Amino acid sequence: MLKSKTFLKKTRAGGVLKIVREHYLRDDIGCGAPGCAACGGAHEGPALEPQPRDPASSLCPRPHYLLPDTNVLLHQIVSAWRPGTWDSVASSLRLPGSLETYVEQEQGENANDRNDRAIRVAAKWYNEHLKNISAENELQVIFITNDRKNKEKAVEEGIPAFTCEEYVKSLTANPELIDRLARLSDEGNEIESGKVIFSEHLPLSKLQQGIKSGTYLQGTFRASRENYLEATVWIHGDNEENKEIIIQGLKHLNRAVHEDIVAVELFPRSQWVAPSSVVLHDEGLNEDDVEKEEEREQMLKTAVSEKMLKPTGRVVGIIKRNWRPYCGMLSKSGIKESRRHLFTPADKRIPRIRIETRQASTLEGRRIIVAIDGWPRNSRYPNGHFVKNLGDVGEKETETEVLLLEHDVPHQPFSQAVLSFLPKMPWSITEKDMKNREDLRHLCVCSVDPPGCTDIDDALHCRELENGNLEVGVHIADVSHFIRPGNALDQESARRGTTVYLCEKRIDMVPELLSSNLCSLRSNVDRLAFSCIWEMNHNAEILKTRFTKSVINSKASLTYAEAQMRIDSATMNDDITTSLRGLNKLAKILKKRRIEKGALTLSSPEVRFHMDSETHDPIDLQTKELRETNSMVEEFMLLANISVAKKIHEEFSEHALLRKHPAPPPSNYEILVKAAKSKNLEIKTDTAKSLADSLDRAESPLFPYLNTLLRILATRCMMQAVYFCSGMDNDFHHYGLASPIYTHFTSPIRRYADIIVHRLLAVAIGADSTYPELTDKHKLADICKNLNFRHKMAQYAQRASVAFHTQLFFKSKGIVSEEAYILFVRKNAIVVLIPKYGLEGTVFFEEKDKPKPRLIYDDEIPSLKVEDTVFHIFDKIKVKIMLDSSNLQHQKIRMSLVEPQIPGISISTDNSNMDLNEPERKKMKLKK
């Protein structure tokens, strides 16, 4: 049936436009209930259960379906759902298009009221209609709404209706579900003290006007990990003058949460401050302790030079909340029988959250998920509700789940829809596969990877040509052959963006059949590849470059150590070894040439765990050893990426997916320059070349490790490299590599960016056809945005995994003393690096319930004077390392000063366990 509405609209030009709106009302939509005589059992989409499960409701004893309104679906279903309780939800969202339930908007009725009436009409229709199925069972549809007026009208119309809270409280078999309900009204949840702590957020209309006029600035709120009273707002748009704004103090933070989009009022220059050098963690103060908070804020204020001051402001309103479910632990209230408790998130950038729960005793000592519902002006902390229990704190499975959730790493098993696009096994190369593909199986190709690597992306070859030149090939797994644009496998790979490598686990971007089998360039099997082949002279100068899809058969899958052994061997001269020696010789020339152009050689300590074969607990921890072969592979991967970047940009100047590394602003280098100056060294930072050269010159015969420390510190000054679409940017330069153009081509098994680059290259050489999204720069820009986010989160997840396994290692190892070097000095602490373990940690000089030492911080040198001892960056000290389990939520590696000796601060060797908590002291006594 067709319904139409016609009206006239005046145009800007003064004409009249006739507009016709048509509604096609269907009479063939089934109710969804199997066995319905009236519908003939027909239905589209998911069917309702033939017999709804009885959730044991004291309000609704008869079997029933639930029909929630839109707001309940948005705010409550996700938080309160659990298997068996919300299963029988009526599929009403398709009924408004049905002939029987269509509702026209009445005169004077707003859209919201019309929608409420439509849902009531659907509920009433269902209750009448379901009598057709089974009169004796008396099936009901219960309308769930939190809108008081909507509920009253439903009851007046004879529809069984309850609020979400009323219904959930009636589920006698699941009393704990009440904890999962979102607390949506700030008024009803305000703290009894009634004291207003925060200023009111301005309404969105005023914020938008203020942003338009320049009164306010819009940006992303980034809370500090080290100081809960400080944050930075990254301003959106092209505001180069005030790109970052510092926010200091609880009231100025004004209830913004990490990653919220906020509006900021910029203070006059006279009120600007410097970034704080103090380390402050929230200790869970009460509303009545706001005065103590103000005392702590005074610690942020310190006399600094004018050039250290940064643009400063306050949050005046929230443009968009970016809250998510947070993992953490319950901090149980000390008040007996209290239902109100504080939840401490695992992420230190997130404030504590107040929740109400009847399960505090059960949830204590477990990792749980909590969602924020709101943050009233008179509450020190936001209000929220319990969502899910993850498991016991400290268990590997639980902690791994936490770090994956906290870093938003998609890790669910691949769906059947995704797996359905995999090749059927057994798989072999067909004649069709060989179309537009060269057969390179005769070449002596080999791969060089870390031990235990199963997702082998790349392989190499080098051979001498008849003309005396060298042919060098980089052969990359042809993943794009198996993942075709737009299907479910492609969409899931794009969503994941990258493979995530944890200490004991790998979260694949593509299913294992591809990552560890069909796409992995294992030895002695035929594999499809995408090859970049150069003709070079013996001075590593490129004479010709060509790209081709290929089929290869790797002659060896080597580790870096095995490849190095072959190169160094005096007796091995087989084809593989000869190829490796040729590659290594060329790589050294390529690296030297890159460094001469200004490429940076930085340093970042990486660690490797040795696991117990049975318990899978770490039994040894050491920094990774880098060999010549690591550099050899890296050089040819870089060369291939640069060659491919040039090719795809030549062919697709507006649609190439590239990677750039922005030059850091001069302010980023201040700490590096000051640190070098304290050791009588000069670091120049005006160009990448001058930085590279001055780092090369920064040597000290009496302090060989100094150069490594400077390079580690230089790494911290760098900006993040990002993916971008060439048509949306004009700065292509890669600062760290000193390359005018760069992309990622060499790891398509573990990076989705490389799959897009493979598709672009395949079209450029005529080996594959294009598709609309590949040449849509706006869609490519969206892909890049997701890839940059996923790449960043993967890095954070990997670091969190290393941190957790480091804790496990020191839990079994006990207390150790090691040499350390100071990387940073703070107002009340020093940050140190322990080279033996590649481990970084903080030594605090102010501790709760202990006398405060005399501290003098000098930001210019920089240095920290503790009593009569002065600490500078790069000073060598000795620390004790132990696992501090006094706070289960944030178990951490604790470092205490051993040398130099400072009375009342340093720990001597004969009382090494003086700072352990009581259970740990007892363990020490038992061991003795």
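Residues numbered from 1 in each chain as written. Predicted model: local features only at pLDDT ≥ 70, side-chain atom pairs only at ≥ 80, totals over all residues. Heavy atoms only, no water.

An unreviewed UniProt entry lists the protein under the name Exosome complex exonuclease RRP44, with Prolemur simus as the source organism. On record in UniProt, under Subcellular location (unreviewed entry), the comment for the protein is "Nucleus, Nucleoplasm". On record in UniProt, under Sequence similarities (unreviewed entry), the comment for the protein is "Belongs to the RNR ribonuclease family." (UniProt positions renumbered as here; feature names shortened; annotations may be inferred.)

### Let's talk about the overall build of the protein
When helices and strands are tallied, the protein shows 21 helices and 36 strands. When each of the 928 residues of the protein is scored for burial, the buried share is 50%. By sequence separation, contacts in the protein at least 24 residues apart represent 67% of the contacts at least 6 residues apart. As displayed, the protein offers around 44,700 Å² of accessible surface, 50% of which is attributable to carbon and sulfur atoms. (Helix = DSSP H or I, 4+ residues; strand = E, 2+ residues; numbered from the N terminus. Buried < 20%, exposed > 50% of the residue type's maximum accessible area, 1.4 Å probe, protein only. Contact = heavy atoms within 4.5 Å. Areas by Shrake-Rupley, 256 points an atom, 1.4 Å probe, with all protein chains shown as cover.)

### A few points about the side chain of Thr-220
Positionally, Thr-220 belongs in strand β6 (residues 216-223). Within the local environment of Thr-220, its side chain forms a polar contact with the side chain of His-236, the two groups lying 2.8 Å apart. (Polar contact = N/O pair within 3.5 Å; in protein donor to acceptor, adjacent residues only side chain to side chain.)

### Some thoughts on the sheet that holds strand β4 (residues 140-144)
Ordered by their spatial adjacency, 3 strands build an open sheet running β3-β4-β5, and the pairing between neighbours is parallel. Looking along the sheet, the strands with just one partner apiece sit at the ends: β3 (64-68) and β5 (161-162). Bridge count for β3 against β4 is 5 bridges, and the pairing is parallel. Bridge pairing links Tyr-65 to Val-141 in β4. Packing against the sheet, helix α2 (residues 111-129) makes contact with β3 and β4, and its axis sits at approximately 165° to β4. (Pairing = 2+ DSSP bridges. Axes fitted to C-alpha atoms, helices over the stretch in contact; angles between N-to-C directions.)

### Quick look at the nonpolar core
In this structure, Leu-514, Trp-534, Leu-580, Phe-636, Leu-657 and Phe-745 are the most contacted members of the largest nonpolar core, which totals 85 residues. Look past the residues within four positions of Phe-636 in its chain and what remains in contact with it is Leu-460, Val-472, Val-474, Trp-534, Met-536, Leu-583, Leu-586, Ala-587 and Leu-590. By size, the runner-up hydrophobic cluster in this structure holds 29 residues, among which are Ala-676, Ile-712, Met-718 and Phe-874. (Core = buried A, V, L, I, M, F, W, Y, C linked by side-chain atoms within 4.5 Å.)

### Considerations on the packing of helix α13 (residues 560-568) against helix α14 (residues 575-597)
Taken N-terminus to C-terminus, the directions of α13 and α14 make an angle of 90°; their axes are 9 Å apart at the nearest point. Taken as axis vectors, α13 and α14 run roughly perpendicular relative to one another. Between α13 and α14, the contacting residues are Ala-563, Arg-566 and Ile-567 on the first element and Ile-576, Thr-577, Leu-580, Arg-581 and Asn-584 on the second. Partitioning the contact of α13 with α14 into residue classes produces 4 nonpolar, 2 polar and 2 charged. (Parallel < 35°, antiparallel > 145°, perpendicular 65-115°, else oblique. Nonpolar A, V, L, I, M, F, W, Y, C, P; charged D, E, K, R; others polar.)

### So, the packing of α13 against helix α15 (residues 628-651)
Contact geometry of α13 with α15 gives a least axis separation of 8 Å together with a crossing angle of 100°. In terms of orientation, α13 lies roughly perpendicular with respect to α15. Residue-level inspection shows Tyr-560, Ala-563, Gln-564 and Ile-567 of α13 in contact with α15, the latter providing Glu-628, Thr-629, Asn-630, Met-632 and Val-633.

### What about the sheet that holds β6?
Strand order in the open sheet made by the 5 strands is β8-β7-β6-β9-β10, with antiparallel pairing throughout. In the strand order of this sheet, the two ends are held by β8 (244-248) and β10 (313-320), each with one partner. On average, adjacent strands in this sheet sit at an angle of 40° to one another, irrespective of strand direction. Here β6 pairs with strand β9 (residues 261-266) via 5 bridges, running antiparallel. In the sheet register, Tyr-216 faces β9, and the bridge partner there is Glu-265. Contacting β6, β9 and β10, helix α5 (residues 204-213) runs over the sheet at an angle of about 120° to β10.

### Let's talk about the packing of aromatic side chains
Considering all chains together, one arrives at 12 aromatic pairs under this definition. Aromatic pair Phe-809 and Phe-810: ring centres 5.0 Å apart, planes at 75°, arrangement edge-to-face. The class for Phe-810 is buried, based on a relative accessible area of 1%. Feature note: the residues Phe-703, Tyr-705 and Tyr-821 constitute an aromatic cluster, connected by ring pairs. One residue, Arg-496, lies across the ring of Phe-414, its end atom 3.9 Å from the ring centre. Seen from the ring of Phe-724, Lys-660 lies directly overhead, with NZ or CZ sitting 5.5 Å from the centre. (Phe/Tyr/Trp six-rings, centres within 6.5 Å; stacked < 30°, edge-to-face > 60°. Lys NZ or Arg CZ within 6 Å of the ring centre and 35° of its normal.)

### Observations regarding the environment of Asp-875
In this fold, Asp-875 is placed in the loop between β34 (869-872) and β35 (876-884). Taking the C-alpha atoms as reference points, Asp-875 and Lys-679, separated by 196 residues in sequence, lie 9.7 Å from one another. Apart from the residues within four sequence positions on either side, Asp-875 is in contact with Lys-679, Ala-820, Tyr-821, Ile-822 and Val-870.

### Some points on the pattern of salt bridges
Opposite charge on two side chains permits them to pair, given that their charged atoms come into close proximity. Per the stated rule, a full pass over the model turns up 49 salt bridges. For Glu-438, the salt bridge goes to Arg-546, with nearest N and O atoms at 2.5 Å. Here Arg-546 lies in strand β23 (residues 542-553) and Glu-438 lies in strand β16 (residues 437-439), a separation of 108 residues in the sequence. Glu-438 gets classed as partly exposed once you look at its relative accessible area, which sits at 28%. The partly exposed category is assigned to Arg-546, whose relative accessible area is 35%. For the salt bridge of Arg-496 with Glu-492, the shortest nitrogen-to-oxygen distance reads 2.7 Å. Here Glu-492 and Arg-496 lie together in helix α11 (residues 488-496), a separation of 4 residues that amounts to about one turn. Where salt bridges share partners, they join Arg-324, Asp-347, Arg-349 and Glu-406 into one cluster. (Salt bridge = Lys/Arg side-chain N within 4 Å of Asp/Glu carboxyl O.)

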